[in-house]
Amino acid sequence: FLGNGPSGICLSYLLSGYTPYFKRGSLHPHPILQRKLEETPDVSILDQDLEYLSEGLEGRSHSPVALLFDTLQRPDTDFGGTAESVLTWWHETDRAIPHLVLGRNTPGGAWHSIEGSMVTLSRGEWMGLPDLPFKDWLKQKRRGLRNNRATAEDIAQYYQYYVMKKGLQKNFRCGTVVTSVRKVSTESISNHAQKNLQENSDSLWNFNENSMEVFQVDGFFKTVKGDKEPFSICAENVVLATGTYDSPTWLGVKGENLSYVHHKLSALEEAVRNNSIGIMSDPVLIVGAGLTAADAILLAHHCNIPVIHVFRRRVSDPGLIFNQLPKLMYPEYHKVHQMMKEQSAACAGPYECYVSLPEHHVLSFGKDKKCILQDKNGYQKIYKISMALVLTGSNPNLSFLPNNGLDLAMDSDQPVNPKRNPIDVDPFTYECTQEKGLYALGPLAGDNFVRFVQGGALAVASSLLKKANKNPP
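Residues numbered from 1 in each chain as written. Predicted model: local features only at pLDDT ≥ 70, side-chain atom pairs only at ≥ 80, totals over all residues. Heavy atoms only, no water.

An unreviewed UniProt entry annotates the chain as Oxidative stress-induced growth inhibitor 1 originating from Crotophaga sulcirostris. The UniProt entry for the chain carries this comment under Sequence similarities (unreviewed entry): "Belongs to the OKL38 family." For the record of the chain, the UniProt heading Subcellular location (unreviewed entry) holds the text "Midbody". (UniProt positions renumbered as here; feature names shortened; annotations may be inferred.)

Have a look at this one:
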């Protein structure tokens, strides 16, 4: 499958024969779920009816299976509790399904591209993968969690350690770029043209005789010398777990391609490191009202760099992420939200070097570094800026799929987007409704938090085990 972030790692664990069972004698705080779990304690969770088990569960995800797997691993975490997982894990090697995990970088996916000192939004323990609690790993490093949160560098290292500790590295192929995934008939495949990435393993090639179509996955492998070696693999099932960190969203306005307009937070970090902007510079324009924009504001504020902050929503909009975060756990984001409220251009507030422009949008960027903004009433303002950061989210790059994956989305007229238009999947198998044998996990399927992507992996593993007939009777 494609993508070696937390979704891909978790699925590899489940497909390597690691099987979850209800731990005898454990007590889940949800009495109805407890009763269901006690009905068949000898049957693994993977082999049970996930729809039946997840019925009636509520929480911070729209996915029933995500809520189920999360509450089995962290029973009362949303209430601040620390109850132990009600799962026990058995390694049943005869149930392993041969698979490959293709990723551009080392295991951990986009976590290796994020500034290492960034603190995660989620609590540290929510970043953990099955049967190796994140806080236990941190203890080995003789570190604690700051305000219950972890740094991106910690997370990236933990995911690499997890793959090694669980013996999954043989399934991972790093440095691979997939250029095409398409359905082909088994007759059209000429064996000599295929290059199998998995040495000494013929199992990937033993297709189900009833299956007349398979997926052909083409791409290239980056060697240590920097060469590109092409590969072509065939598989009956393909899992899309590529996340959405690939392509930052553009506003689509005039001048957005000028050199001072950036779409990644790293551009501001670099400018600070190079001392190319500072306290005496023209303001930095930050566009967006999500957490990445907030991180940019915090960084600029810390370095006394003046900021003009532009966003489309009202400050009180309930859809604004800041209105959904508990103040105590996220003091720094609460501070940004306070600045947004108190420091609008209309009334000077207590925060120097920061101006908030709610319900505004960018009309254009000029070559002279002048930016034209417009408010909700159509009034325009011109600001001279030093650099602009457009931080309004990112989109997945699905150019390797036919028609850029549009046909797989909930609304096939619009590009796939993790929040507005995810891939349409069956909620209990995560198989694409439009393409059998193709699965989608994580943000592509609308699951945007590490703690919730794991339920999708459980659903996919359960489905693949049924297909491979590796479920016990």
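From this point on, the discussion continues.
**Here's the deal with the overall build of the chain**
A tally of regular secondary structure across the chain gives 10 helices and 21 strands. The buried share of the chain, reckoned over its 473 residues, is 52%. When the accessible surface of the chain is totalled, it reaches about 22700 Å², and 50% of it is carbon and sulfur. (Helix = DSSP H or I, 4+ residues; strand = E, 2+ residues; numbered from the N terminus. Buried < 20%, exposed > 50% of the residue type's maximum accessible area, 1.4 Å probe, protein only. Areas by Shrake-Rupley, 256 points an atom, 1.4 Å probe, with all protein chains shown as cover.)

**Comments concerning the nonpolar core**
Soluble, globular proteins show a tendency: their nonpolar side chains are buried together. Core analysis: the largest hydrophobic core is formed by 78 residues, its most contacted members being Leu2, Leu11, Val181, Val238, Leu240 and Ile423. Looking at this core, the element that brings in the most residues is helix H10 (residues 450-467), giving nine residues. Non-local contacts of Val181, meaning those with residues more than four positions away in its chain, are made with Leu2, Phe215, Gln216, Val217, Val238, Phe400, Leu401 and Pro402. Counting residues in each nonpolar core, the second largest holds 30 residues, with Ile277, Ala294, Leu320 and Leu325 among its members. (Core = buried A, V, L, I, M, F, W, Y, C linked by side-chain atoms within 4.5 Å. Contact = heavy atoms within 4.5 Å.)

**Observations regarding the sheet that holds strand E8 (residues 213-222)**
Across the sheet, three strands lie side by side as E7-E8-E9; this open sheet has antiparallel pairing. Looking at the sheet topology across the chains shown, the edges are occupied by strand E7 (176-185) and strand E9 (228-235). Within this sheet the neighbouring strands show an average axis-to-axis angle of 20 degrees, counted without direction. Strand direction decides the pairing type here: E7 and E8, joined by nine bridges, are antiparallel. Among the inter-strand pairings, Ser180 is bridged to a residue of E8, identified as Asp218. (Pairing = 2+ DSSP bridges. Axes fitted to C-alpha atoms, helices over the stretch in contact; angles between N-to-C directions.)

**Considering the confidence of the model for the chain**
Across the chain, the average pLDDT comes to 85, with 84% of residues at 70 or higher. Scored below 50 in pLDDT, residues 191-209 makes 38 contacts in the model with residues more than four places away or belonging to other chains. (pLDDT = per-residue confidence, 0-100.)

**Section: a negative patch on the surface**
A surface patch of negative charge is lined by Asp49, Glu51, Glu55 and Asp426. Positionally, Glu55 belongs in the loop between helix H3 (50-54) and helix H4 (64-73). (Patch = residues over 30% accessible without salt bridge, like charges linked within 9 Å, V, L, I, M, F, W, Y side chains within 5 Å. Salt bridge = Lys/Arg side-chain N within 4 Å of Asp/Glu carboxyl O. Lys, Arg positive; Asp, Glu negative; His and termini not counted. Charge placed at Lys NZ, Arg CZ, Asp CG, Glu CD.)

**What about the sheet that holds strand E18 (residues 380-384)?**
The antiparallel open sheet is built from three strands, whose spatial order is E16-E17-E18. With partners counted over all chains shown, the strands left at the sheet margins are strand E16 (360-365) and E18, one partner each. Here the strands of the sheet are splayed against their neighbours by 30 degrees on average, with no regard to which way each runs.

**Focus on the environment of Phe452**
Tracing the chain through its elements places Phe452 in helix H10. Judged by relative accessible area, Phe452 falls into the buried class, the value being 4%. Between the C-alpha atoms of Phe452 and Arg60, which are 392 residues apart in sequence, the distance is 8.9 Å. Leave out the neighbours within four places in its chain, and Phe452 touches Arg60, Ser61, Ala66, Leu67, Asp70 and Asp447.

**Topic: the pattern of salt bridges**
Here the structure, examined in full by the defined rule, presents 11 salt bridges. The salt bridge involving Glu435 is made with Lys183; its shortest N-O contact spans 2.8 Å. Taken together, the residues span a long stretch of sequence, with Glu435 in the loop between strand E20 (394-395) and strand E21 (438-440) and Lys183 in strand E7 at a distance of 252 residues. Among the residues examined, Glu435 registers a relative accessible area of 25% and is labelled partly exposed. Residue Lys183 is classed as partly exposed on the basis of its relative accessible area of 30%. Note that Lys384 and Asp282 form a salt bridge whose closest N and O atoms lie 3.7 Å from each other. Of the two residues, Lys384 is situated in strand E18 and Asp282 in the loop between helix H7 (266-273) and strand E13 (284-287); the sequence distance between them amounts to 102 residues. Three or more residues joined by partner-sharing salt bridges are found here, namely Asp47, Glu92 and Arg95.

**Things to note about the packing of helix H1 (residues 6-15) against H10**
Direction vectors running N to C along H1 and H10 enclose 40 degrees, while the axes themselves pass 8 Å from each other. Considering the angle they form, H1 stands oblique to H10. For the crossing formed where H1 meets H10, the hand is right-handed. Between H1 and H10, the residues in contact are Pro6, Ser7, Cys10, Leu11, Leu14 and Leu15 and Val450, Val453, Gln454, Ala457, Leu458, Val460, Ala461 and Leu464, respectively. (Parallel < 35°, antiparallel > 145°, perpendicular 65-115°, else oblique. Left-handed = near helix turned anticlockwise from the far one by under 90°.)

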